[in-house]
Each structure stands twice: as C-alpha cells, then as structure tokens.
Amino acid sequence: MRRTVGIIGMGWVGSSVAISTLHSGVANEVLLNDLRGELAEGEAMDLADGASFYPTAAVRTASIEEMADADAVVICAGRGGKPDESRLDLLRGNASIARDIGRRLAHCRGIIVVVSNPVDVLTRIVTEVSGLPPSRVLGTGTMLDTARLREAVGRELHLDPRAVHAQVIGEHGDSEVVLWSGARIGGTRLADWPGWTADMEEGISSEVRNAAYEIIRRKGATNHAIGLVTAALLRWTLRGERRVITLSRVQEGTAGIEGIALSLPAVVGRDGATQVIEPEMTAQEYEALLRSAEVLRRAADSV
C-alpha cells in the first residue's frame, strides 16, 4: 500500500519530523515544503542521500496544493518559541500562517496533523478554515507532555516509561492538567506504588510543564522528541491501529467542552480521531480542565 506524507515547514521541527517519519517506515513517499524553496530542496536532497539507511521511501519537494492528495499532511510552519516566551505568545503571527495553509488544504484527502505552536489554537483555526471534520484535523497536543510525564515518573521509580500509564490533558502549555488520580503502573495506582509519595507530584508537574522552556533556553528549540511523537502519531493513524492517544482536536461535547481544541484521550485510526474519551477525573482535575479550556477559548477569540 502506498502512503504519502507531506510536511510543511522545514525548520528545526519539520526536519526532525521528516527524519523520524522516514525511519518509522510508515510512508513510501515524503513531500517537503517551505516558504524558502531552496531550504526544502536542500533537506530533500540531504534526506534522499540517506536512503540506504531507512525503509524504502522517495523524498521530494512539493507545493501545498500537491499535498492535498497525501494520506497525511503535517504542519510545522511558523515561528518557534523564544526563552521565557509562552506558546500562546506565538499566537498572532502563527495564526495567520495556519489560516493560509488551512485554506489551501480545504480539499485534503487524508488527515492533517498540526505541530506548530500554540498547537491547540492553531488546530482549531485549521479545522475552521479548511472545513474538514474535527476528527481529521489533529494536533499533537499533550502527546509530548504525556511522554515527558511518563519519563519523569519512570526515572523517579527506576522503571521504563512505557510501564507508566499516566496522562496530561487540556492545553499543550501552561494550563495543562496532569491526571494524577488515574496514574497506574501494572494495574496498581501510582499513589500505592512503593516509594511514591504525593509530594513528588508538584515537582514532576512543574518539570513537565516547563520542559520546553528549559530546552529552548539551552539549545534554542525543541525538535527531536516532537519529531518522534509526530512520526508515532502518523504510524498509528495511517496503519489504522486504533490506539488511544491523548491528542488535540476540536471537541464536540466530551467532558462538557465544545468548539475548543484541546487534548483528551481519543481512539485514532485511518479516519482520524473519531472517538473521544472522557477520562475519570477528580473534581479538582475537572475544574482545572475547564480552566484550561477557558484559557484556550480566550486565546482563540483574540485572533
């Protein structure tokens, strides 16, 4: 089966998404696009030179309009964050870029994956201007935050992160919500795990929430982990694996939230994120989720 993935925006993040996608083997063809045409061409040439070292795939440049027939189009275009700048601070300029790309993908055959920040607001914008169903416009959302959470808990308890079942929901940003009440290891509540104490939670929550700021302060951007996250999302959707993933899409009433893109667990497959799940939450966690939704509503209304 031939699968084509288009990637728009070939900066730090776009190039990491491209190499991770090629290594994943999910695509037979990877199409690259950037406003700076020569950059996209150079990346295509560079990646094609490594064809002996990843599963067989062709890499070339393409226009955004050509990508409308792809199985998935990944939007990485826009300005990255600066040290001490929140994701919502990026909004105004990146919103304009997202609107333009979304309109040009109105006839997209496959799914759209939004990676650019602020990812939740941009996911809503792309959904609105493209006219595509909310299930087919996915933001990476808190997939990365959830991965950071599992890594931090695993590191604390000397366990592989994949053994930790815990989620971050809401905004991919400062108002995100860690669902400590539902965290499990091997079917055992995290709260009951030997060596775990509740006072560890605030420190880990802060570490997860501020991880991007710390990385950007040191190296200027976050790119490798989000590249891996995006490639995994593409693999799980395009292969129709029907995994439950905590990602962003415009919500249609789950947990009482409507018209706002934010992260909740969803079943994903070739037709996108069609089934959104309301996780068990404490009253405090639910109130925090509603506050996160309100933060995103105000941000979206500002543009």
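Residues numbered from 1 in each chain as written. Predicted model: local features only at pLDDT ≥ 70, side-chain atom pairs only at ≥ 80, totals over all residues. Heavy atoms only, no water.

S.K.: So what exactly am I meant to see when it comes to the pairing of strand 3 (residues 58-61) here?
M.R.: Regular strands have side chains that alternate between both faces of the sheet. The pairing of strand 2 (residues 29-33) with strand 3 spans four bridges and is classified as parallel. Residue pairing across strands places L31 opposite R60, the latter belonging to strand 3. Crossover connection from strand 2 via helix 2 (residues 37-49) to parallel strand 3: handedness right-handed. (Pairing = 2+ DSSP bridges. Helix = DSSP H or I, 4+ residues; strand = E, 2+ residues; numbered from the N terminus. Right-handed = clockwise from strand over helix to strand, strands pointing away.)

S.K.: Whenever I open this one, the sheet that holds strand 10 (residues 184-185) confuses me. Can you help?
M.R.: Within a beta sheet, neighbouring strands are joined by backbone hydrogen bonds and run either parallel or antiparallel to one another. One open sheet accounts for three strands, arranged 7-10-11; its pairing is antiparallel. Because the sheet does not close on itself, it has two edges, and the strands there are strand 7 (164-165) and strand 11 (188-189). In this structure, strand 7 lies alongside strand 10, joined through two bridges in antiparallel fashion. Note on strand 10: the bridge partner recorded for H165 is R184.

S.K.: What is the right way to read helix 8 (residues 283-301) from this model?
M.R.: Side chains three or four residues apart in an α-helix point the same way, a direct result of the helix having 3.6 residues per turn. The terminal C-alpha atoms of helix 8, which comprises 19 residues, lie 27 Å apart, in line with the 27 Å expected from a rise of 1.5 Å per residue. Among the residues of helix 8, those classed as buried are E285, A288, L289, S292, A293, L296, A299 and A300. Considered in projection along helix 8, the buried side chains sweep an arc of 145° and stay on one side of the axis. Projecting away from the buried face of helix 8 at angles above 90 degrees are the exposed residues A283, Q284, R291, R298 and D301. Where the residues of helix 8 are buried, they touch helix 3 (91-104), helix 4 (119-130), strand 8 (168-169), strand 9 (177-178) and strand 13 (258-269). (Expected span 1.5 Å × (residues − 1). Buried < 20%, exposed > 50% of the residue type's maximum accessible area, 1.4 Å probe, protein only. Arc of directions from axis to C-beta. Contact = heavy atoms within 4.5 Å.)

S.K.: Where do I start with helix 2 in this structure?
M.R.: Here helix 2 is 13 residues long and its end C-alpha atoms lie 19 Å apart, about the 18 Å a rise of 1.5 Å per residue gives. Taken as a whole, helix 2 has its buried residues at A40, E43, A44 and L47. Each buried residue of helix 2 lies within a common arc of 100° when the element is viewed along its axis, so the set occupies one face. For helix 2, the exposed residues lying more than 90 degrees away from the buried face are E38, M45, D46 and D49.

S.K.: For this particular structure, what's the right way to read the side chain of S16?
M.R.: Inspection of the secondary structure assignment puts S16 in helix 1 (residues 12-24). Its relative accessible area of 4% is what places S16 among the buried residues. In this view, S16 contacts N223, H224 and G227; residues no more than four positions away in its chain are not counted.

S.K.: Looking at this model, I keep getting lost on the pattern of salt bridges. Mind explaining?
M.R.: Note on pairing: side chains with opposite charge can pair once their charged atoms come close. Using the criterion set out here, one finds 22 salt bridges in the structure. Across the pair R109 and D71 runs a salt bridge whose closest N-O atoms are separated by 3.3 Å. Note that R109 is positioned in the loop between helix 3 and strand 5 (111-114) and D71 in the loop between strand 3 and strand 4 (72-75), a separation of 38 residues in sequence. Relative accessible area serves as the criterion here: at 46%, R109 is assigned to the partly exposed category. Counted as one network, the salt bridges with shared partners bring together D69, D71, R109 and R270. (Salt bridge = Lys/Arg side-chain N within 4 Å of Asp/Glu carboxyl O.)

S.K.: Explain the packing of aromatic side chains to me, please; I cannot follow it from the model alone.
M.R.: The geometry of two aromatic rings is summed up by the distance between their centres and the angle between their planes. Taken as a whole and assessed by the stated rule, the structure comprises one aromatic pair. Ring geometry for W180 versus W196: centroids 5.7 Å apart, planes at 35°, classification tilted. Of the two residues, W180 is situated in the loop between strand 9 and strand 10 and W196 in the loop between strand 11 and helix 6 (200-219); the sequence distance between them amounts to 16 residues. Like W196, W180 is buried. (Phe/Tyr/Trp six-rings, centres within 6.5 Å; stacked < 30°, edge-to-face > 60°.)

S.K.: In this structure, what is going on with the nonpolar core? I would like to understand it.
M.R.: With 77 residues, the main nonpolar core has I7, L32, V74, L105 and L247 as its most contacted residues. With seven residues, the single largest contributor to this core is helix 7 (residues 224-238). Among residues more than four places away in sequence, those in contact with V74 are V5, G6, I7, I8, V17, V113, V115, T230 and L234. One finds V153, L157, I185 and V208 within the second-largest nonpolar core, a separate group that totals 16 residues. (Core = buried A, V, L, I, M, F, W, Y, C linked by side-chain atoms within 4.5 Å.)

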